[in-house]
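Examination of the molecular architecture
One letter stands for each residue in the lines below.
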Amino acid sequence: MKLLNLPPGLVAVFKKEWASYFNTPIGYVFSILYLFLSSFLFFYGLGEGSFWDRKVAGMEEYFVWTPLLFVVFVPAITMRLWSEEKKSGSLEILFTLPISKWEIVGAKFLAAWAFLGSTVCLSASIPFFIWAFGDLDLGIVFAGYLGCIFLGGAYISLGIFLSSFGRDQISSYILTVLVCLFFFLLGTQPVLKFFGGGPSAFAYLFALSSHFESFRLGILDISDTLYFLSFISANLAANIFFLRRNYP
């Protein structure tokens with residue numbers, strides 16, 4: 001039976017991209033480093049305020065680090081999605097196949113999103129560990145992980161779009177880090193205080209970190225969900241438009 005009756009071209013590209021994360025060391029290195037750093041920052045932090053110091057059975061602080069960690073790690077997933085195709089010369093071949101550009105973009109996005117989601121889910125041992133020693137609010141944990149999935153999807157959609165501009169993986173990585181960092185910093189207090197008034201509210205509205213905050217606190221807000229889905233859709237649509245214009 002076909003997978004959810006998806007177009008065969010989309011499924012074929014998805015399988016190719018999904019396998020590429022495990023055919024090279026990049027996928028394994030990414031997962032190990034992300035899981036190690038996220039766990040270390042949660043349990044030990046950077047000085048005071050570690051999990052052992054707080055003595056509270058909660059994971060809110062775990063998700064504090066997620067937006068910043070994604071800024072560093074997600075570009076490593078997306079940097080090769082288009083730049084590597086250009087470098088190897090396979091981009092022109094890919095576009096000659098009977099596969100639409102929206103299928104190609106959608107497949108690349110879903111493969112990267114699925115890989116990031118599987119890596120994030122591997123950290124599920126942390127809440128089980130905390131649950132064994134205290135009264136953990138599983139509703140907050142679920143909301144936090146759901147927010148991670150949405151936030152990761154937003155960063156990935158942005159990274160894929162920016163990768164189409166890069167000529168190599170390094171330039172794509174740096175460009176994506178800078179733009180993702182911009183959307184992260186928009187929601188931080190120093191930046192909001194700097195803008196003040198109306199511009200501050202405008203910056204807060206478009207900051208990815210501010211829309212993730214409600215999930216971190218265990219609040220499932222439909223407006224934040226719609227924002228993430230709209231952000232993802234806009235970046236994918238922009239990527240398709242760019243490819244159609246430059247590779248008709």
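Predicted, not measured: the structure shown is a model, and the values here were computed from it.

**Considering the UniProt feature "transmembrane region" (unreviewed entry) in the protein chain**
Following the UniProt record, the feature "transmembrane region" (unreviewed entry) maps to residues 21-42, 62-82, 110-134, 140-161, 173-192 and 225-243 here. Between the end C-alpha atoms of residues 140-161 the distance is 32 Å, and the span holds 100% helix and 0% strand. Secondary structure within residues 225-243 divides into 100% helix and 0% strand; the distance between the first and last C-alpha atoms comes to 27 Å.

**Focus: the nonpolar core**
Of all hydrophobic cores here, the largest spans 64 residues; its most connected members are Met 59, Phe 70, Trp 82, Leu 116, Tyr 155, Leu 208 and Phe 228. Sorting elements by how many residues they give to this core places helix α10 (residues 138-163) first, with 12 residues.

**Considering the layout of surface pockets**
If a probe as big as a water molecule is rolled over the atoms, it shows which places are left empty. Of the voids in this model, the largest pocket is the one considered here, and its volume is about 240 Å³. As for the largest pocket, its lining consists of 15 residues, and the residues nearest its centre are Val 64, Pro 67, Phe 184, Ser 209 and Glu 213. Within the residue set of the lining of the largest pocket, elements represented by two or more residues are α4 (60-64), α5 (66-78) and α14 (208-216). Element by element, the count of residues in the lining of the largest pocket is highest for α14, at five residues. In the lining of the largest pocket, the residues fall into eight nonpolar, five polar and two charged.

**A closer look at the packing of aromatic side chains**
Going through the model one piece at a time under the given rule, you end up with 29 aromatic pairs. Ring geometry for Phe 22 versus Phe 115: centroids 5.8 Å apart, planes at 80°, classification edge-to-face. Of this pair, Phe 22 sits in helix α1 (residues 8-23) while Phe 115 sits in helix α8 (residues 101-121); the two residues are 93 residues apart in sequence, bridging distant segments of the chain. Note on Phe 22: relative accessible area 33%, which makes it partly exposed. Between the aromatic rings of Phe 63 and Tyr 145, the centroid separation amounts to 5.3 Å while the plane-to-plane angle is 85°, which identifies the pairing as edge-to-face. With Phe 63 in helix α4 and Tyr 145 in helix α10, this pair connects stretches of sequence that are 82 residues apart. Look at Phe 63 and you get buried, because its relative accessible area is 0%. Residue class for Tyr 145 comes out buried when judged on its relative accessible area of 13%.

About the criteria used
Residues numbered from 1 in each chain as written. Predicted model: local features only at pLDDT ≥ 70, side-chain atom pairs only at ≥ 80, totals over all residues. Heavy atoms only, no water. UniProt positions renumbered as here; feature names shortened; annotations may be inferred. Helix = DSSP H or I, 4+ residues; strand = E, 2+ residues; numbered from the N terminus. Core = buried A, V, L, I, M, F, W, Y, C linked by side-chain atoms within 4.5 Å. Buried < 20%, exposed > 50% of the residue type's maximum accessible area, 1.4 Å probe, protein only. 1 Å grid on protein atoms, 1.4 Å probe; cavity = no way out; pocket = protein on both sides within 12 Å on 5 of 7 lines; lining within 4 Å. Points joined across faces, edges and corners; volume = space filled by probe spheres on them. Nonpolar A, V, L, I, M, F, W, Y, C, P; charged D, E, K, R; others polar. Phe/Tyr/Trp six-rings, centres within 6.5 Å; stacked < 30°, edge-to-face > 60°.

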